[in-house]
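In case you want the letters, here they are:
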Amino acid sequence: MKNHIWHIVAALIVGVWGLTFISTKVLIESGMSPQEIFFARFLIAYLGIWFISPRKLFAYGWKDELLLLASGVTGGSGFFLAQNVAIKITLVSNVSFIVCTAPLLTTILALLIYKKEKATHWLVGGSLIALLGVALVVYNGNFVLKISPIGDFLSLFSALLWAFYSLIIRKLSGRYSAVFITRKVFFYGVITILPFFAVHPWQFDVSKLLDPAILFNLLYLGVLASLICFVVWNVILKRIGMITASNYLYLNPVFTLTGSILLLGEHLTAVALAGSVLILGGVYVAGKK
């Protein structure tokens with residue numbers, strides 16, 4: 001596959017992830033809690049990946065196995081749990097904006113850890129333009145500032161976890177297949193979320209999981225957004241580079257906005273449109289050499 005096609009695929013994956021907000025909203029309105037949604041999502045993905053995954057159970061050494069455990073927390077249970085708890089404490093707009101700093105944090109960490117990585121003027125400028133666009137789309141002309149130290153810290157922590165996830169995947173991708181790594185991410189994501197149910201037990205009626213609307217959205221989250229997209233994303237990180245791939249995450253609010261307009265009947269404002277243009281322009285500029 002030629003290099004430019006991987007860029008297109010990266011944008012498509014972010015598009016799928018951008019629409020997960022809508023599926024999650026449907027499930028929450030149906031009575032599922034955020035941790036129940038995450039558990040069901042990753043469990044479906046884990047069971048599904050066994051049909052395509054090699055029957056290799058463990059990494060070559062305990063250090064790599066610990067890194068895989070860390071990837072299950074940073075890209076799975078820890079990331080989603082911190083984000084969902086933050087939503088309960090602070091404004092959703094605060095969470096959405098702060099979590100979208102993940103590409104910038106990934107770039108900073110990569111520059112600090114990998115001396116060979118270089119930040120071009122295009123990359124820095126494009127990232128800042130895209131981040132400004134994210135702010136316009138997220139706040140959508142209704143800027144409300146609410147400082148919530150714990151909630152905002154958890155949002156930033158969530159973004160930082162995703163940045164570390166990208167670094168871990170980069171380190172492991174040279175020694176293991178994307179499918180094997182992704183299977184372990186799902187496994188450790190499911191395992192590390194279980195202690196949370198000791199505090200907040202599962203309450204959703206299991207029989208309702210077969211309801212068409214609930215089942216469809218769970219399959220969307222588990223099969224498409226998790227199983228397929230995580231596998232391909234881990235390949236993309238290796239093919240086009242961690243920093244370049246991470247910049248496509250700025251497109252997330254654009255796809256969420258588009259899905260909300262088409263599926264939820266929400267209106268497009270001039271501010272949101274301007275923000276979308278800035279995001280698209282920023283991602284393009286950041287990708288220039």
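Residues numbered from 1 in each chain as written. Predicted model: local features only at pLDDT ≥ 70, side-chain atom pairs only at ≥ 80, totals over all residues. Heavy atoms only, no water.

Caption draft 1: Structural detail: the overall build of the chain. The helix and strand tally for the chain stands at 12 helices and zero strands. Traced from its N-terminal end to its C-terminal end, the chain shows the element sequence α-α-α-α-α-α-α-α-α-α-α-α. Here the C-alpha atoms of the chain give a radius of gyration of 18 Å, agreeing with the 19 Å that 2.2 N^0.38 yields for 289 residues. Considering only C-alpha atoms, the chain reaches an extent of 45 × 45 × 35 Å along its principal axes. Within the chain, the proportion of its 289 residues that are buried is 50%. Pairs at least 24 residues apart make up 89% of the contacts formed inside the chain by residues separated by at least 6 positions. Total accessible area on the chain stands at roughly 14100 Å², and carbon and sulfur atoms take up 73% of it. Distance between charge centroids for the chain: 17 Å, based on 21 positive and 9 negative side chains. (Helix = DSSP H or I, 4+ residues; strand = E, 2+ residues; numbered from the N terminus. Rg over C-alpha atoms; globule rule 2.2 N^0.38 Å. Buried < 20%, exposed > 50% of the residue type's maximum accessible area, 1.4 Å probe, protein only. Contact = heavy atoms within 4.5 Å. Areas by Shrake-Rupley, 256 points an atom, 1.4 Å probe, with all protein chains shown as cover. Lys, Arg positive; Asp, Glu negative; His and termini not counted. Charge placed at Lys NZ, Arg CZ, Asp CG, Glu CD.)

Caption draft 2: Structural context of the environment of Val283. Turning to its location among the elements, Val283 is positioned in helix α12 (residues 270-286). A sequence separation of 203 residues divides Val283 from Phe80, and the C-alpha atoms of the two residues are 25 Å apart. Apart from residues no more than four positions distant in its own chain, Val283 is found in contact with Gly126, Ala130, Asn247, Tyr248, Tyr250 and Leu251.

Caption draft 3: The arrangement of the packing of aromatic side chains in detail. This model, assessed by the stated rule, comprises 23 aromatic pairs. Aromatic pair Phe42 and Phe186: ring centres 5.1 Å apart, planes at 80°, arrangement edge-to-face. With Phe42 in helix α2 (residues 34-49) and Phe186 in helix α8 (residues 178-199), this residue pair connects regions lying 144 residues apart in the sequence. The exposure class of Phe42 is buried, given its relative accessible area of 0%. Ring geometry for Phe186 versus Phe230: centroids 5.7 Å apart, planes at 55°, classification tilted. With Phe186 in helix α8 and Phe230 in helix α9 (residues 212-239), this residue pair connects regions lying 44 residues apart in the sequence. For Phe230, a relative accessible area of 2% gives the class buried. An aromatic cluster is defined as three or more aromatic residues linked by ring pairs; in this entry it consists of Trp17, Phe38, Phe42, Phe79, Phe80, Trp162, Tyr165, Phe186, Phe230 and Trp233. (Phe/Tyr/Trp six-rings, centres within 6.5 Å; stacked < 30°, edge-to-face > 60°.)

Caption draft 4: The arrangement of a nonpolar patch on the surface in detail. On the surface, Leu210, Leu215, Leu219, Val223 and Ile228 cluster together to form a nonpolar patch covering roughly 420 Å² of accessible area. If you trace the backbone, Ile228 turns up in helix α9. (Patch = residues over 30% accessible without salt bridge, like charges linked within 9 Å, V, L, I, M, F, W, Y side chains within 5 Å. Salt bridge = Lys/Arg side-chain N within 4 Å of Asp/Glu carboxyl O.)

Caption draft 5: Geometry of the nonpolar core. The biggest cluster of nonpolar side chains holds 83 residues, and the ones touching the most others in it are Trp17, Trp162, Trp233 and Ile236. Residue contributions to this core peak at 12 residues, all from α9. Filtering out sequence-adjacent residues up to four positions away, Trp162 remains in contact with Trp17, Thr74, Gly75, Phe79, Ala102, Phe230, Trp233 and Leu249. (Core = buried A, V, L, I, M, F, W, Y, C linked by side-chain atoms within 4.5 Å.)

Caption draft 6: Geometry of the UniProt feature "domain: EamA" (unreviewed entry) in the chain. Taken from the UniProt record, the annotation "domain: EamA" (unreviewed entry) applies to residues 6-138 and 150-285. Between the C-alpha atoms that bound residues 150-285 the distance is 34 Å, and the span itself is 79% helix and 0% strand. (UniProt positions renumbered as here; feature names shortened; annotations may be inferred.)

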